Amino acid sequence: MIVAFQSGWWNPAVASAAAMIAAVVLCSTAGEVLTAAAMKSIGDLDEIRAHSGLKGAIRAVLTCPLFFAGVGFLALAFFSLLFALNHLNLSFAAPATASLTLVTNAIAGKIFLKENVDRRRWTAAILVCIGVYLLAH
Amino acid sequence: MVATCAPLGDSFLARGMKHLPSISVDHPMALVSSLVSAVFTPWIAAGIAMLICFFACYLTALSWADLTYVLPTTAFGYVIIALLGRFWLHEQISPYRWAGILLITVGVGFAAQGPSRTERESEIASTTELPSPSEAGSR
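Predicted, not measured: the structure shown is a model, and the values here were computed from it. Numbers given to residues run from 1 along each chain, matching the order in which its sequence is written. By the order in which they are written, chains take letters starting at A while ligands take numbers starting at 1. With pLDDT at 70 or above as the cut-off, local features in this predicted model cover only qualifying residues; side-chain atom pairs require 80 or more to be listed or tallied, and sums for whole chains, interfaces and linings still use all residues.

Quick notes on the overall build of chain B
Thinking step 1. Within chain B, the secondary structure is distributed over eight helices and zero strands.
Thinking step 2. Counting helices and strands in the order they occur from the N terminus, chain B gives α-α-α-α-α-α-α-α.
Thinking step 3. Here a residue counts as buried when 20 or more other C-beta atoms sit within 10 Å of its C-beta, as exposed when there are 12 or fewer, and as partly exposed otherwise, the C-beta atoms being derived from the backbone. Of all 139 residues assigned to chain B, the portion counted as buried reaches 31%.
Thinking step 4. Long-range contacts, defined as pairs at least 24 residues apart, comprise 79% of the intrachain contacts of chain B with a sequence gap of at least 6. Every helix listed is a DSSP run of H or I at least four residues long, and every strand listed is a run of E at least two residues long, numbered separately from the N terminus. Our contact criterion uses C-beta atoms placed from the backbone: two residues qualify when those atoms are within 7 Å.

Now the structure itself:
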C-alpha cells in the first residue's frame, strides 16, 4: 500500500485489494498461531490417545478454549477469502494469500510461540512461498 | 497424511460440486436445502471425510512439532495436487509451475532436515534432572 501511495498510482481498487488480502492473511495467521498454541498446551496427542483412547484425545482438544479461538479465526479467514474472491481473481487472491501466510506465520511463530526459526526454516518458508506463488499463478 | 488428505479432499469437493445443478443465492430456503442435499452426495461426503482426516492429522502434527516446521513441510500437498493434475487429469504444466514444484520440494527438504521441535529449557531440565517413570520403575 505504501509503495502504491508513493509511486503515484494510488487508487481505491489497489487499496481495497491490499486490505482484503491483508485481512485474509492476518486472520489466517492468528488462527494458525492460536491453534498451534492450543495443541502445544494440550501436549502430544499420540500419548494422550495411548493413555485415554480416542475419546480422551477428542475431549482434550474440545475442552481447550484456545482451540476454539483458533478455529474461530480460521473460519473468519475462510469467509474473508470468500469475500475477497467475490472482488478479486482467484489466480491472484489464492496464491497471494497462501504464500504471504507462510511468511507471516514464520514471523508470528518466532514472536508469539517463541519457536526457534533458524536460517534453515526461513529459507524453507521463503522458497515455499515463492514456489506456491509460481505454482498457482 | 496432511499433505495428501487436504488436496484429495479439495479435489473430491470440486468434482462433487461440478456435478450438481448451479445453486442460486436468491432463495435462502432453496440454498439451504440444496447445500444439505449436497453433503450427502458421495463425492462431497468423501471430500468432507478427507478434510476431517486432514484436520485431525494436522492437529496431531502440531501437538508434537513446531508450526514453522509443519507449515512448510505440509506445503508439499501443492506439489501432489499439481502432479495429480498432470498425470491423472492430463493437464498441461507450464515451466513456471515446474519451477514452483522444484522450489517447494527444495524448501520442504530444507525444513525437514532440521529439528521438528524447539527444545525448551524447562523440557531439557526435566529430561536431564528427573528420571523418567520407566527408569524410576526399573531401579
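Digging into the confidence of the model for chain B
Residues and elements named next belong to chain B.
Thinking step 1. Confidence of the predictor at the level of single residues is captured by pLDDT, which takes values from 0 to 100. Chain-level pLDDT for chain B is 77 on average; 83% of the residues reach the 70-or-more range.
Thinking step 2. At the low end of the mean pLDDT range in chain B sits helix α8 (residues 133-138), at 42; at the high end sits helix α3 (residues 42-64), at 88.
Thinking step 3. Here residues 128-139 is modelled with pLDDT under 50, and outside its nearest four sequence neighbours on either side it reaches one contact, counting other chains as well.
Thinking step 4. On the interface metric, ipTM, the complex scores 0.79, and its pTM is 0.78.

Observations regarding helix α5 (residues 90-111) of chain A
Thinking step 1. For a helix, the expected span equals 1.5 Å multiplied by the residue count minus one. Between the first and last C-alpha of α5 of chain A there are 31 Å, a value that for 22 residues agrees with the 32 Å anticipated at 1.5 Å per step.
Thinking step 2. Listed in full, the buried residues belonging to α5 of chain A are A93, A96, T97, A98, S99, L100, T101, L102, N105, A106, A108 and G109 of chain A.
Thinking step 3. Looking at the buried residues of α5 of chain A, the elements they touch are α2 (12-42), α4 (65-87) and α6 (119-136) of chain A together with α4 (67-74) of chain B.

Remarks on the interface of chain A and chain B
For interface size, the figure often reported is the accessible area lost on association.
Thinking step 1. With 33 residues of chain A in contact, the opposing surface of chain B contributes 28 residues.
Thinking step 2. If you list the elements that add at least two residues to the side of chain A that touches chain B, you get α2, α3 (45-62), α5 and α6 of chain A.
Thinking step 3. Looking at the side of chain A that touches chain B element by element, the count peaks at 12 residues for α6 of chain A.
Thinking step 4. Lys, Arg, Asp and Glu make up the charged group, whereas Ala, Val, Leu, Ile, Met, Phe, Trp, Tyr, Cys and Pro make up the nonpolar group; the residues left over, Gly among them, are polar. When grouped by side-chain class, the residues that make up the side of chain A that touches chain B number 18 nonpolar, eight polar and seven charged.

Focus: the confidence of the model for chain A
Residue and element names in this part refer to chain A.
Thinking step 1. Of the residues in chain A, 92% reach a pLDDT of 70 or more, and the chain-wide mean stands at 86.
Thinking step 2. At the low end of the mean pLDDT range in chain A sits helix α1 (residues 2-6), at 48; at the high end sits α2, at 92.
Thinking step 3. A low-confidence stretch, residues 1-6 stays under pLDDT 50, and its non-local contacts, those more than four residues away or across chains, total six contacts.

A short note on the environment of P21 of chain B
Thinking step 1. Residue placement: P21 of chain B occurs in the loop between α1 (2-18) and α2 (28-39).
Thinking step 2. When the C-alpha atoms of P21 of chain B and L62 of chain B are compared, they prove to be 39 Å apart, with 41 residues separating the residues in sequence.

With respect to helix α6 (residues 95-113) of chain B
Thinking step 1. A rise of 1.5 Å per residue sets the reference length of α6 of chain B, with its 19 residues, at 27 Å; its end C-alpha atoms lie 27 Å apart and thus fit the reference within 8%.
Thinking step 2. Of all the positions in α6 of chain B, only R97, G100, I101, L103, I104, G107, V108, F110 and A111 of chain B are classed as buried.
Thinking step 3. Where the residues of α6 of chain B are buried, they touch α6 of chain A together with α4 and α5 (76-87) of chain B.

Things to note about the packing of α5 of chain B against α6 of chain B
Residues and elements named next belong to chain B.
Thinking step 1. Running from N to C, α5 and α6 cross one another at 145 degrees; their axes reach a closest spacing of 9 Å. In terms of crossing hand, the pair formed by α5 and α6 is left-handed. When α5 is examined against α6, the residues F76, Y78, V79 and A82 are found in contact with a partner set consisting of R97, I101, I104, T105 and V108.
Thinking step 2. Of the residues that constitute the contact of α5 with α6, the class distribution is seven nonpolar, one polar and one charged. Orientation is described by lines fitted to C-alpha atoms, with helices fitted over the stretch in contact, and by angles between N-to-C directions that extend from 0 to 180 degrees. By definition, any crossing whose near helix is turned counterclockwise from its far helix by less than a right angle is left-handed, and any crossing with a clockwise turn is right-handed.

Some points on the nonpolar core
Thinking step 1. As used throughout, a nonpolar core is a set of buried Ala, Val, Leu, Ile, Met, Phe, Trp, Tyr and Cys residues joined through C-beta atoms within 7 Å of each other. Core analysis: the largest hydrophobic core is formed by 65 residues, its most contacted members being V128, V132 and L135 of chain A together with L62, A75 and I104 of chain B.
Thinking step 2. Per element, the largest residue contribution to this core is 10 residues, and it comes from α2 of chain A.
Thinking step 3. Once residues within four sequence positions are removed from consideration, A75 of chain B is found in contact with V128 and V132 of chain A together with I104 and V108 of chain B.

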